[in-house]
Amino acid sequence: MKRALFIIGLLCSNLLFAADHEVQLKSSINQVIVYQQGAQVERTAKALIQPGINLVVFGGLPTTLDPNLIRFSGKGDYQVLATYHRMNVDTISGKDIPKKNNELALRRSELQAKIDRENGWLAIYDKEEIMLQSNQVFTHKDEGISVEKLREAAAFIRERYADIRAQRLEIQDRVAVLQKQINDINLQINKLGYPVTENTLEVVVRIQADKQVNGEFNITYQTYNAGWYPTYDAYVGLLSEPLKLACNAFVYQTSGEDWKSVKLTVATGSPAQNRTKPQLQPWYLGGNPVPQAPAPMSKQPESTNSYSYTMSDSYDDMEERAAAFAPVAISYGPTNTRYQVSSRYDIPGDNSQTSVRIKEIPLDADYVYLCTPKLDKTAFLSARLTNWEDLDLMNASLNVYFDNNYVGQTELIVDQTADTLNLSLGIDERIEVVRKRGKFDQKKQIIAGTKTDIREFEYIVKNNKREKINIIIDDQVPVALTEQIEVEIETISGGHHDQSTGRVTWEMKIDAGKTKTFKLKYGVTTPRELLVRID
């Protein structure tokens, strides 16, 4: 009786399981949040749900996603019972290869059986030939042998040898034909190759509905085979106008699926990084350490001061507006910054890089030219930025454009604590700087036993631009490390001398088309017998 009840219960459970209605969803990627390492993908789908138990299946998912971080949500009059994932293997091409391979293998086996039968006849003929060779004594011990019997025996042996040889040749010919057919079959099998399969992940959601209902279904999952890195473009026009700093995100992914027409959000940070603060352990010196319980982790308060704004064209007052980039909504959270692009993007899964403009900032920069004519007479333009900490900048390469013409590349380094951030914008050949060697002399003091070497330089700075510039010229004088050496500056032309480094700087403004000249003269006094190189 108990066994009968068990069988009935098992049959009922099988009937209930068989009643589950499986729904294969046609889902599409709606939104992707790309971190600097990793991405969060959101898929959506709609389907008609039948009354009872339904298995809603999101198929064709890449195996690179983390199945432990899959989240499900949806809308509709149904109840979620369980979610799980399973692997699926699809044959992309060569579905009939196993069948063809079996057919060819069967044909090969039949041919090999025929060869085995032919080889069996060869073995029989070999044994007959051995038997003939072993029975060639035709004399009788008492009577001898007659010529007639000998002639008959020789004819019989000759006939059998000839027949055996002919049969052998026919068998070998038939075996050769069969072997050629087998070789052809082997070539066909090798050309068949193997079926091409694709491993995908399926997310199955078991739901229950009391009636037929149209449901909406969403899943989000994490993939680590994606990311982005920033680059900046600095656009410089007139030095009296703001500098435009544009940030581009180069997005890439090899997640195993193409992201087609998706809402794209670029976020700083990486969800894969360890979010737990490390704990210091006691540092004992000598003696026996006393075991201590681990310090409890304090709950970090969640920040609530997130805010956002929308970035569109930064130059609304331009008479001739250039082609605008898609607006970007920028939001600042407690741990990262997110740039949500209004337009939809296609991001292929082949590791190609897609450039996305995520920020444009007009900056009131203090432009200044820098030149060290002792080493290089080229004038380098630099933009000095204050209050740059609020700009959320990152270390990246910086492409510099003058009047929309590319002039070079430099690096934006923000890992510093200075109040002013200097952006190197490249050289400007319209600024001429000349360092001319002036008076070089030596004075000897016989009584004091010293000598003084005089060095003099003249600097000529010409502004060939159509606007006023601010320029800083620097040079240096020696720094005495002993009391035997004395350095004295005679002429500095309004420059500033740093006694600790010997650096001399002149900062000046030069009108358009104008020239300024100034000098530096100093003397180095040393004992006459002391050899010191000051050039």
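Since we're looking at a predicted model, the values are computed, not measured.

Colleague: Any chance you could explain the pattern of salt bridges here in plain terms?
Modeller: One side chain can pair with another of opposite charge once the charged atoms of both are near each other. Per the counting criterion, the structure on display carries 23 salt bridges. Between glutamate 202 and arginine 86 there is a salt bridge whose closest N-O contact spans 2.6 Å. Separated by 116 residues along the polypeptide, glutamate 202 in strand E7 (residues 196-209) and arginine 86 in strand E6 (residues 79-93) bring together distant segments of the chain. Across the pair aspartate 428 and lysine 465 runs a salt bridge whose closest N-O atoms are separated by 3.3 Å. In this pair, aspartate 428 is assigned in the loop between strand E20 (420-427) and strand E21 (431-445) and lysine 465 in the loop between strand E22 (450-463) and strand E23 (469-476), connecting sequence segments 37 residues apart. With relative accessibility at 6%, the residue aspartate 428 sits in the buried group. Through salt bridges with shared partners, a single ionic network connects Asp428, Arg430, Lys465 and Glu467.

Colleague: What is the right way to read a nonpolar patch on the surface from this model?
Modeller: There is a patch of nonpolar side chains on the surface, built from Leu370, Phe380 and Ile427 and spanning about 230 Å² of accessible area. Of note, isoleucine 427 is situated in strand E20. A relative accessible area of 41% means that isoleucine 427 is categorised as partly exposed.

Colleague: Hey, could you run me through the packing of aromatic side chains in this one?
Modeller: Between two aromatic rings, the relevant description is the distance of the centres plus the angle of the planes. Taken as a whole and judged by the stated rule, the model has 10 aromatic pairs. Ring geometry for tyrosine 78 versus phenylalanine 217: centroids 5.3 Å apart, planes at 35°, classification tilted. Pair noted here: tyrosine 78 is in the loop between strand E5 (71-75) and E6 and phenylalanine 217 is in strand E8 (residues 213-223), with a separation of 139 residues, a long-range link. Each member of the pair tyrosine 78 and phenylalanine 217 is classed as buried. Linked through ring pairs, Phe72, Tyr78 and Phe217 together constitute an aromatic cluster.

Colleague: What's the story with the environment of tyrosine 345 in this structure? I'm lost.
Modeller: Structurally, tyrosine 345 is set in strand E14 (residues 337-347). The exposure class of tyrosine 345 is buried, given its relative accessible area of 17%. Note: C-alpha distance between tyrosine 345 and leucine 264 (81 residues apart in sequence) is 6.6 Å. Look past the residues within four positions of tyrosine 345 in its chain and what remains in contact with it is Trp259, Lys260, Ser261, Val262, Leu264, Thr354, Ser355 and Val356.

Thresholds applied
Residues numbered from 1 in each chain as written. Predicted model: local features only at pLDDT ≥ 70, side-chain atom pairs only at ≥ 80, totals over all residues. Heavy atoms only, no water. Salt bridge = Lys/Arg side-chain N within 4 Å of Asp/Glu carboxyl O. Helix = DSSP H or I, 4+ residues; strand = E, 2+ residues; numbered from the N terminus. Buried < 20%, exposed > 50% of the residue type's maximum accessible area, 1.4 Å probe, protein only. Patch = residues over 30% accessible without salt bridge, like charges linked within 9 Å, V, L, I, M, F, W, Y side chains within 5 Å. Areas by Shrake-Rupley, 256 points an atom, 1.4 Å probe, with all protein chains shown as cover. Phe/Tyr/Trp six-rings, centres within 6.5 Å; stacked < 30°, edge-to-face > 60°. Contact = heavy atoms within 4.5 Å.

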